[in-house]
Every structure is written in C-alpha cells, then in structure tokens.
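Structural overview
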Amino acid sequence: MSLFAELKRRNVFKVSAAYLVLGWLVVQITDTIAPALGLPEWTLPLILWLGVIGFPFALLFAWAFELTPEGVRRTQEVSPDASITRQTGSKLNHVIIGLLLAGIAVLLADKFLSPELPTSTTATAVEPGADITPLSYDSIAVLPFANMSDDRANEHFGDGLAEELLNLLAKVDGLKVAARTSSFHFKGQNPTIGQVATALDVDTVLEGSIRRSGDTIRVVAQLISAHDNAHLWSEKYDRPLTDLFTVQDEIANQIVAALMPHLDADEQPVVSSDTGKITPEQFERFLLARHQFRDFTEESLNEAKDAFLGITKTSPGYAPAWAWLGRSWVSLERVSNGRVPASVARPAAQKAIDTALALDPREPMAYVARGEVAMSIDDDMDALADFERAIALDPMLVDAYVERQYALVNVGRAEEAIESLERAREIDPLHPDVLYGLTHLLNLQGDRPQAFAALDRLYTIKPMLAAELEAHLYFDSGDMARAAYVIDLIKDGDDDESLEWRAIAAQAMGLHDAPVIQRTQLRPLSLAVLGRRDEAIAAMEEVIAGTEDAHARLHVQMQTWLALGEYERLRDVLWAAWLERQQGETDGGMGSEEIRVLAGALQTTGDPDRATDALLVAAEHIGRLSPVHSGNYLHARAALAVLEGRHDQAVSYLDALASRGDPGYWIYGTPFASDWLVADDPRYDDVRARFTANREYQLAELRRMREASLSVAEVRAEYLRASPAQAAL
C-alpha cells in the first residue's frame, strides 16, 4: 500500500482537517471574547502558538494510534480485519462539518453582536426595510472610542480616531455635530444613549471601540438612534495600521449614507481625511501630541511642543502639525511664568505659523495661533481678524470663538463677546472654558441670574472649578465676606491649595492674624503687616529657599519689604529683576504688580528718572485691562493714577469702589494697595474712612454667615436677591 493510501486509511488527513478547523474556531472565539473578558493582548498569540506546536503531535498520534472498541491502541497492534478506521473516518466527517457550522455561527455573532463594543445602553435592531423617516436624524455626537488594548498608553488612539471622525462629519452640510469637549465629557462615565442625547441635544450617537495589536487595528463602530435606541448602522474593521485613514473615511461616509434621508442634500457628499502629507505612524504621534496639548500644563505643553516639532521634521508638508506647534509655543509663554520668555516663544511660534499657512492657507488652527500671538503683543484688532478667519474656515472651531471673546472684551465689546461665547456653547454645550467665560462675563455685566445659570451647568461638569469661580464672582463684585465664607466651605481641607485659598481671602480682608496664614507661604507678608520683622524675614528666606520659581521668589520679597516699609531694600530687589528683564532672556520674575511697585519705590526713594521707564511699562500693562472683563479694573486704574500724580482721578476711582460697598483691598494692612504712596495725603482721608466702614460691615456679614451656618445655595440666594437684573424680573 502506498504512503498516501496508508495516510488516508489511518485518517491522518481527516484528523489534520479537524484539527485545523478546531484551531481556527478556538482562535476566532478567543479573538472575540478576550477583550470583553479583559484578557491581556498576548492571550491570542499564545493560543495560536500552542495550536501550531500541537499540530505535528496530532498528526503523529493519528498515524501511530487507532481508536478501537477496546480503547486507544498502537496501530501496529491492530489487525486489518479488526480495524474500524472507516467508521472513525465517518465520525470525523461529522465532527468537521459540526466545527465548520460552529465557525460560521461565531463569525455571524462576531459581526452582528459585537461583544467587543462597550455599548452605552441596550439597543434594538431595526427590522430590514423598516421606515424610520418620520424621526429626525440630522444631528450626531461622537463619543470617544473605548481603548480595548491591553496597553493603556494607547488611550489617545481611540480619542484621536473619534475626534477625526467628528471633524469629518462636521464638514457635512445640514448635519449638526456636537463638539469634541462636550462629547468627550462622557468618557469613562458609561452614560445611557438618552443621557448623552439630552445633554448634547442630538438625535444620534456614534460609539465604538478600537483595539491595537502590533501593526493591526480592530475598529468596531455603531450608530444608535436617540429616539428609540435602535441600531441605525454598525460595522467592524480589521485592518493594518496603514489603513487607518481609509477606515476613518469609510466610517464617516457610511454614517452619512445612513443619515442621508434626513439631511437637506440632493446627493450624498463624500468626506475625506485629506491626510496625504503624513503617514499613519506619524499621524498617531500627532494624535498623542494633541492629547498632551489639551492637558495644558507646562510639562504637557513641552511634551506636545517637542512632539509637534518632531512631526514637522519627518512630515514637513503637514500643515496642522506646524499650526499646533505654533500654538504650543504661545501657550508655553502663557503658563511658564517666564521660564519660556516671549523673546523665545513668539519668534518660534510665528515661524511655525507662517510655515503652516504657506503649506495650506486654509488651515484654521494656524489663524487661531496667529491671533493668539497678536493678542500677546496687544494687537487685538489683528487678532480679532484672525479668529474670524478661522471661524469662517471652520464654523465648528470652538477654540476660535473662545479666543475671539478675549479680543472683543479687550476692545470693550462686551455684548459681542457674550454672543461669541453663546455660539460656542451651542456647538459645545459642556465646554468648561466656555461656561467659565460666560459666567464671569455675564456677572461683570450685572446679569447675575444668567451668570449663575451658566455656573450651575459648570457645576455638573467640573464642580470644584465651578465652586472656585463662584467665590471669584463675589470677589469681582466687592462682596469679600461672601467670597471668604464660600472659600471656607469649599476649601476646608488641609492640603496646600485649600490653605492658600483661605489665607488669600483672610489677607484681602485684613485678617492678618488668621491662624491659617501661618500654615502657608503667604505668612511673610502677614508677619510683616503685624510688625514682626525678624519672623517675617526668616519666613521670607524660607519661602525663597523652597522654590525655584523666579516669580514666586521675587513676589515674596516685594510683599515683605513693602509691608515692612523698607523701601530702599524693596527698590534694590525689584531693580535687579528689572535689569534682568531688560536683557530680554527672561522676565526676571516681574509681573504687572512688581513693575508698578518698582515705579513707586523709585519715586519714594528719590529716583524719578529711573521710575519713568517702569511707569511707562506699568501704564501699558494696566491699559490692557478691560472694564468689561476685569473685576480689578478700578483698583488698577486708581493705582496708576496715584503713580502718575493724578490724585483727583485716583480718588474718583476709589470713591466709585467705596460707593458700591467695596471694602477695599487690605493686603498691606491699609484700605488700598497704593496707600503707602499717599499715606500723608489728606485728599484720601474720606475714601479711607468709607473703605474702613465697608470693611467693618463685611466683617459683620462674615460673622453672621458663620453663626448661621449658611449653605452655599443660601449665600448665593442672598446675592441674587441683591441683583438689579433679578429685581427687574
């Protein structure tokens, strides 16, 4: 008998076929359920490797052994007459057929049940041919795609895919797309489809998952109706990483196809990622860098800047990377307290922005970045033009609306600034920066009810940020007792941040003997105000030794020497920092307050010529403040008028503050911050007395609220009852 015939007789071929079908079935089942069970990524490769190792042993077993009625025996021990290999082969045929049917069932289950997708709620499939046209489907929210990979470092990948899909869908006329920040608010919360739809005012929700294994990705996506939780469309993609852009486009276009009957369009638009200038590998780096940018800390911005810079070297034709590089430089200047000085950040930002626009004059983020550079040099009108250009190119770009309102308030156009934020809120209703800006601006314009309505929405998103803002609103209105009381309630912990908040509130009201102050780095100032010179200087030196922040080191020295009345020491410290600032490499730690105090110290110590340069810069800084956006506006204008010798005007500013019940700013133990420059001027006596009376009233109010143990809601209700807008209602 030939070898082939003997292999056939011993069922070696059928055993190999059954083994291969069974192995394939095990691999498919493992691939499908492993993510749902939270098994590590190496589970599937291990199963596959064990299967490969077992294959030759299965063949050897089929050749060397035979199944008989007496059990398993060596083939050589079974005579041809007693062999039942024919019957065994028939059974193997049935096994193979059964395994094939099971494999088909697994494929169907994998396709239609999608167990890998963490659905937000139970959804009901739409019957084929069912009529869904009576329902409206012209709006969508794209939730961040769940990361099903074992490596949590791939988290940005699912976020990035969802954001790119969102951007693609936003290009479709007639389709309202909820913006990124609002959609991503639900990440990690496992909301129902109804909760998402209600919060974002949409008809459909796209959710999905992504799993990366080496250079391959699996993307599962489904579009769900918010009206009845029905699946409108779902699909699964198993592709190499190099097909990422194709997958994005396919998902976006299939969603558009599903929604076409409800869009005001004659024919289906085709959306495309337009990412021909960057490889998928570099695009993944871009997604991570953008994720780091949005963390918006100095560390994360540095990481984002370096990543964007690397991408511009490997993919120099990709305009968005250049635009985001420009924004990174501008943002680093903002948050670094002089560690990334303007002399470095602004030229680098401008170069990146110019490159982005040369590559693509229609790149909207480049105009946002250019507008931010323009605002940093007080060119608000050019900034405004850039932000409006960005909005024209991308009407969904919330960052442009937010930055536009800053430019508008800088030129005194409060109503337009509010309109810009309201438009941003329509696009991105849960964006914390939008709600924060609206609350702050509406309160300053006297519309307290609308301000607190926006604040209530912010409480649902970022409660601690909202609570801090509520205290800030009371500060802006000169209601220091209410601000201090709310801070006591919301910042009642023993962490450094909570202690510092309470200490700042105490110092602002002149309560320098409050015990909480001695537990913070603000204690040198209060010790100096209380006349405890040696302790104040020792505390100041301790603070200096404990920080490398140039601004913090200079600020504590300025406050301590000023409160002690040692103006020559004050002048020398600030002048050294001024010279460092003049050299241009860093700002020397000098902010607006330090420059203003330097001008006063030079005047007080008989050096008016050197005071002139500092006074010009101080006037420039104070001139940037907007009366429609800064609660500190009148205090700052009064300080400048004192320095410039316009005392009647200074008294007028201070009188306006006192007339509205403002208790003054007792940080240096006197009613206003510039009092040390006019301590002997009788023209200020009346306003000092009024500030003192207001402070006594505020202290009495603080005692009343504490004795009554009022809640934050009760404190707020009192504030709103005092609102002119509320009274008019």
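Here we summarise the structure given alongside this text. (Residues numbered from 1 in each chain as written. Predicted model: local features only at pLDDT ≥ 70, side-chain atom pairs only at ≥ 80, totals over all residues. Heavy atoms only, no water.)

**Here we look at the overall build of the chain**
Each helix and strand in the chain was counted, giving 32 helices and nine strands. Per-residue burial for the chain yields a buried fraction of 51% across its 729 residues. Sequence separation of at least 24 residues holds for 62% of the intrachain contacts in the chain that already meet a minimum separation of 6. Carbon together with sulfur atoms contributes 54% to the accessible area of the chain, which is approximately 33400 Å² in total. (Helix = DSSP H or I, 4+ residues; strand = E, 2+ residues; numbered from the N terminus. Buried < 20%, exposed > 50% of the residue type's maximum accessible area, 1.4 Å probe, protein only. Contact = heavy atoms within 4.5 Å. Areas by Shrake-Rupley, 256 points an atom, 1.4 Å probe, with all protein chains shown as cover.)

**Brief notes about the packing of aromatic side chains**
Aromatic ring pairs: the centre-centre distance and the angle between the two ring planes describe each pair. Overall, the coordinates contain 13 aromatic pairs when judged by the stated rule. Grouped by ring-pair contacts, the aromatic residues Phe 245, Phe 283, Phe 286, Phe 293, Phe 296, Phe 308, Tyr 318 and Trp 324 constitute a single cluster. Here the basic side chain of Arg 448 rests over the ring of Tyr 719, its NZ or CZ set 3.8 Å away from the ring centre. Here Arg 610 stacks its cationic end above the ring of Trp 575, 4.2 Å away from the centre of that ring. (Phe/Tyr/Trp six-rings, centres within 6.5 Å; stacked < 30°, edge-to-face > 60°. Lys NZ or Arg CZ within 6 Å of the ring centre and 35° of its normal.)

**Things to note about the pairing of strand E7 (residues 204-213)**
Where burial is concerned, most of E7 is hidden: nine out of the 10 residues are buried. Pairing geometry for strand E5 (residues 146-147) and E7, over two bridges, is parallel. Across the sheet, Asn 147 pairs through a bridge with Ile 210, a residue of E7. Summarising the sheet, E7 and strand E8 (residues 216-225) pair through 10 bridges and their orientation is antiparallel. Bridging across to E8, Leu 206 finds its partner in Leu 223. In sequence, E7 turns back onto E8 through a hairpin of two residues, with Gly 214 there showing a positive phi of about 65°. (Pairing = 2+ DSSP bridges.)

**Points about helix H20 (residues 480-490)**
Each turn of an α-helix holds 3.6 residues, which means side chains three or four residues apart point in the same direction. The buried fraction of H20 is high, at nine of 11 residues. Among all positions in H20, only Met 480, Ala 481, Arg 482, Ala 483, Ala 484, Tyr 485, Val 486, Ile 487 and Ile 490 are buried.

**Regarding the pattern of salt bridges**
As enumerated under the stated definition, the model contains 47 salt bridges in all. Residues Glu 333 and Arg 346 are paired through a salt bridge, measuring 2.7 Å at the closest nitrogen-oxygen approach. Of the two residues, Glu 333 is situated in helix H11 (residues 319-335) and Arg 346 in helix H12 (residues 342-359); the sequence distance between them amounts to 13 residues. A relative accessible area of 26% means that Arg 346 is categorised as partly exposed. Residue Arg 716 is joined to Asp 456 by a salt bridge in which the shortest nitrogen-to-oxygen separation is 2.6 Å. Separated by 260 residues along the polypeptide, Arg 716 in helix H31 (residues 712-721) and Asp 456 in helix H18 (residues 448-461) bring together distant segments of the chain. Given a relative accessible area of 12%, Arg 716 falls into the buried group. Through salt bridges with shared partners, a single ionic network connects Glu 163, Glu 164, Arg 180, Arg 290 and Arg 294. (Salt bridge = Lys/Arg side-chain N within 4 Å of Asp/Glu carboxyl O.)

**Some words on the packing of helix H13 (residues 364-376) against helix H15 (residues 398-410)**
Between H13 and H15, whose axes approach to 10 Å, the crossing angle comes to 25°. When the interaxial angle is binned, H13 and H15 end up roughly parallel. Considering how the two elements wind past one another, H13 and H15 form a crossing that is left-handed. Where H13 approaches H15, its residues Met 365, Val 368, Glu 372 and Met 375 are matched on the opposing element by Asp 399, Ala 400, Glu 403, Tyr 406, Ala 407 and Asn 410. (Axes fitted to C-alpha atoms, helices over the stretch in contact; angles between N-to-C directions. Parallel < 35°, antiparallel > 145°, perpendicular 65-115°, else oblique. Left-handed = near helix turned anticlockwise from the far one by under 90°.)

**Quick word on the environment of Trp 501**
Tracing the chain through its elements places Trp 501 in helix H21 (residues 496-508). Note: C-alpha distance between Trp 501 and Ile 490 (11 residues apart in sequence) is 9.7 Å.

**Quick look at the environment of Leu 435**
Along the chain, Leu 435 falls in helix H17 (residues 432-444). With 26 residues separating them in the primary sequence, Leu 435 and Ile 461 have C-alpha atoms 9.9 Å apart. In this structure Leu 435 touches Arg 425, Pro 429, Leu 430, Ala 454, Arg 457, Leu 458 and Ile 461, once residues within four positions along its chain are discounted.

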